[in-house]
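Read off the chains here:
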Amino acid sequence: MASTPKEEGAANAPFYMPQGAECDVFEAAFANNMPLLLKGPTGCGKTRFVSHMAARLGKPLYTVACHDDLSAADLIGRYLLKGGDTVWADGPLTRAVREGAICYLDEVVEARKDVTVVLHPLTDDRRILPIDRTGETLEAAPGFMLVASYNPGYQNILKTLKPSTRQRFLSLSFDFPPADQETAIVAQESGLDAARCRNLVRLAGKFRALKGQDLEEGVSTRLVIYTATLIQRGLPVEQAIHAAMIEPLSDDADVQQGLADIVMTVFG
């Protein structure tokens, strides 16, 4: 008996280890045409979670990394010159709406203010996308889902979602996994043995305790995996930690030295 696209997607989904009921919430949101907002620190697994769920549901995924210059036109589309003709080119949000795909806006608060205005009619029971430049009003195809994320601990008061926007979404909070779970994730992703991964996770915990003091952000699970991967490939432990954890966290020589001193307490 042939497998369905959803079954094939689930079998091939990127590795993700649930921390709670987030997979159930995502599936319920998808089944009921509800948008979803993911909140949590950089590198704690939000993007991997969305990729995992899209594959698990057998849905195409359009991911947009939002930034200061990202405008509504970048999401919706624009007219382009092609072979002497002017043709309309859909943006990633429009393609997702037409196809019934999942559109993931990573760090949505970094985008320009006109982006949230475009999202409003897609995040209520209308589920429409007006395209002013073409005169179209698209109804979202069955299966379309809007997912957005941001890091509330990093954003300042000038870069946050208005309550009127936040309350259009279901919301899930993410954080770094408990030490045992993070160790298992790092071992799975890097191939490094669990004992050495455990020490790296312990080190990451000490670095994270400095957030808000010497560091703006704690070390991400992603960087711990990078470190473990370098060690697995034969790089000395101290070099791997310096390249994948210390250098990405700070450019300040004194802060880097302080982090190196912490490394010695864990691995010395």
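Details of the structure are given in the entry above.
If you're wondering where the values come from, they're calculated on a predicted model, not measured in any experiment.

**A word on the nonpolar core**
Link 1 in the chain: One finds L93, V97, L105, L129, F144 and L146 to be the most contacted residues of the largest nonpolar core, which totals 31 residues.
Link 2 in the chain: If sequence neighbours within four positions are ignored, L129 has contacts with I76, L93, T94, V97, V118, L122, E136, T137 and L138.
Link 3 in the chain: If you look at the next biggest cluster of nonpolar residues, it comprises 28 residues, including A204, L223, V224 and A240.

**Regarding empty space enclosed by the protein**
Link 1 in the chain: As enumerated under the stated definition, the model contains one cavity of 30 Å³ or more in all.
Link 2 in the chain: The computed volume of the largest cavity comes to approximately 50 Å³.
Link 3 in the chain: Around the largest cavity sit N33, M34, P35, L122, R127, F144, M145 and L146, which together line it.
Link 4 in the chain: Class assignment for the residues of the lining of the largest cavity results in six nonpolar, one polar and one charged.

**Let's talk about the environment of F176**
Link 1 in the chain: Turning to its location among the elements, F176 is positioned in the loop between β9 (170-173) and α8 (179-190).
Link 2 in the chain: On a C-alpha basis, the gap between F176 and P41 in space is 7.9 Å, while along the polypeptide they are 135 residues apart.
Link 3 in the chain: Residues contacting F176, with those up to four places away along its chain left out, are Q19, P41, T42, G43, C44, R208, V219, S220 and T221.

Thresholds, definitions, all that
Residues numbered from 1 in each chain as written. Predicted model: local features only at pLDDT ≥ 70, side-chain atom pairs only at ≥ 80, totals over all residues. Heavy atoms only, no water. Core = buried A, V, L, I, M, F, W, Y, C linked by side-chain atoms within 4.5 Å. Buried < 20%, exposed > 50% of the residue type's maximum accessible area, 1.4 Å probe, protein only. Contact = heavy atoms within 4.5 Å. 1 Å grid on protein atoms, 1.4 Å probe; cavity = no way out; pocket = protein on both sides within 12 Å on 5 of 7 lines; lining within 4 Å. Points joined across faces, edges and corners; volume = space filled by probe spheres on them. Nonpolar A, V, L, I, M, F, W, Y, C, P; charged D, E, K, R; others polar. Helix = DSSP H or I, 4+ residues; strand = E, 2+ residues; numbered from the N terminus.

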